[in-house]
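# Remarks on the overall topology
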Amino acid sequence: MAKKVAVIGAGVSGLASLKCCVDEGLEPTCFERTEDIGGLWRFKENVEDGRASIYQSVISNTSKEMSCFSDFPMPEDFPNFLHNSKLLEYFRIFAKKFDLLKYIQFQTTVLSVKKHPDFASSGQWVVVTKNNGKEQSAVFDGVMVCSGHHILPHLPLESFPGIQKFKGQYFHSRQYKHPEGFEKKRILVIGIGNSASDIAVELCKKAAQVFISTRHGSWVISRISEDGYPWDSVYHTRFKTQLRNAVPRIVVKWMMENGMNQWFDHENYGLIPQNKYLVKEPVVNDDLPSCILYGAIKVKSRVKELTETSAIFEDGTVEENIDIIVFATGYTVSFPFLEDLVKVENNMVSLYKFIFPPQLEKSTLACIGLIQPLGSIFPTIELQARWVTRVFKGLCTLPSERTMMEDIIKRNKKRIDLFGESNSQILQTNHIEYLDELAVEIGVKPDILSLLLKDPKLAVKLYFGPCNPYQYRLVGPGQWNGARNAIFTQKRRILKPLKTRAIKTSSTFPVSFLLKILGLLAVVVAFFSQLQ
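Residues numbered from 1 in each chain as written. Predicted model: local features only at pLDDT ≥ 70, side-chain atom pairs only at ≥ 80, totals over all residues. Heavy atoms only, no water.

On to the nonpolar core, then. Formed by 100 residues in total, the largest nonpolar core has its most connected members in M144, I297, F356 and W387. In this structure, this core is formed jointly by two domains, domain 1 (4-151 + 332-439) and domain 2 (156-222 + 263-329), each of which donates at least three residues. Beyond its immediate stretch of four places on either side in the chain, F356 contacts L351, S363, L365, A366, W387, V388, V391, F392 and L398. F335, L338, V342 and L360 belong to the second-largest nonpolar core, a separate cluster that totals 23 residues. (Core = buried A, V, L, I, M, F, W, Y, C linked by side-chain atoms within 4.5 Å. Buried < 20%, exposed > 50% of the residue type's maximum accessible area, 1.4 Å probe, protein only. Domains from an automatic or database assignment. Contact = heavy atoms within 4.5 Å.)

Spelled out as structure tokens, the structure:
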């Protein structure tokens, strides 16, 4: 008899989890508190309690080829970076293709998840839900928590003396939807993350003046990288990752600063990070530097105090006649329906590999998507779900509680060393390293050295090309016959939506391919030299 799995939430994590359950022969039931799929990426005009909220203009910061499901490429004509409505369209196509909607119970809220009385032996859970005012209880063999972590706003008003006296309007960025109604206002945006930057850029087109207040600063990158390709398809390669891991840390930091400042000098724009050597997630925004350059946005230091109409900053400067303050100060992790099963302390959750609570007698509860990779979260979510479903089936096993706790402590120390102790970096992790870590657990990490002998052209693509999701469908459980072709046709899908004007193209000899072959051979020689 198939094991029954409760999937909480029908956003991208929930959809990926549903498909993985079906692929493994499990029997999933998804509980979605709203009337539709999409989660965070489904824009609604009104803010709803218990649901993620986005503004109308949100565009993905990671490109379609690096963000698609590993056995389901996005349509060729889709743009490389997607408006939220386009991404939602992809999710609908995905759900229809794999017939996932039949597993979802809409407008059903999960009230509680508790251990079954015989949990120690069965690993089962009692899930209580509410639909149309009626409560129901059901027993499940496993639970996948896919409710996200962009729901409960973090609004630290106590850190802003004088906020009670402020006569203008203030609200969390979660409340922001579009720029209408902000015309000719003087607006202060608190924070320097992606939401803060997007909102500031959008508002400055209509406002009298926009200010961004930042404590630590941030690197800012464009979606457009070398030769016009998406930034993540250029940055996230196995070769570059191995290079960054091989050279001394001080060299990596120098390379990072040099690379970040190639577009514009961050110090001149007041954006230079306070600790520029931390590997913090950069802001992805194509317009922010331009808006600063023509004065529509002014970058300020931390707010020291607020008065009835003005903001006093740490450097002693004052901005008068502030009409509106937008707090883009992030979110607090919360799972009220789990009670003490997943403990949150200082916005940090102790989970083995960001997924499993280590203290449970049976590994039948997992959190999906509670992570912030330096890259697209979608392939990360999918690999998490693939591993979890195999753990639920007993095909993969977890180590002892002690080993898992040691891993959590070690991982946290490494995180602080790389990314710092800021609340915004608590879920941060390296992209390819974490993907490969999960892939090893499942048995789907490609062996590039063996491929170099069997399929050298593919090996070169895997090593020097973008580390796309298709790589994790080449071998092992869940192998997809179309993976190799998807890897070789990736460039075509990237360029297709760009080439909307017919022009004559010039042909060039592929010297770059020869150089890549030589580079890969050099790496192999170096690898075997170290073994001797």
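Take the sheet that holds strand β3 (residues 104-105) next. Taking strand neighbours across the sheet as the criterion, the five strands line up as β3-β2-β1-β7-β22 in an open arrangement whose pairing is parallel. Each edge of the open sheet is held by one strand with a lone partner, namely β3 and β22 (365-367). Those strands touched by helix α10 (residues 377-393) are β1 (4-8), β7 (142-145) and β22, and its axis lies near 165° from that of β7. (Pairing = 2+ DSSP bridges. Helix = DSSP H or I, 4+ residues; strand = E, 2+ residues; numbered from the N terminus. Axes fitted to C-alpha atoms, helices over the stretch in contact; angles between N-to-C directions.)

The subject of this paragraph is the domain arrangement of the protein. Segmenting the protein into domains produces domain 1 (4-151 + 332-439) and domain 2 (156-222 + 263-329). Once you take the C-alpha centre of each, domain 1 and domain 2 turn out to be 31 Å apart. Taken together, the 27 residues of domain 1 in the interface contact 15 residues of domain 2. Buried surface at the junction of domain 1 and domain 2, both sides included, amounts to about 1,700 Å², of which 46% is carbon and sulfur. On the domain 1 side of the contact with domain 2, V47, Y55 and N61 bury the most area, a combined 36% of that side's loss. At the boundary of domain 1 with domain 2, the tally comes to zero salt bridges. If one sorts the elements of the side of domain 1 that touches domain 2 by residue count, helix α11 (residues 401-419) sits on top with four residues. (Buried area = accessible area lost by both parts, 1.4 Å probe. Salt bridge = Lys/Arg side-chain N within 4 Å of Asp/Glu carboxyl O.)

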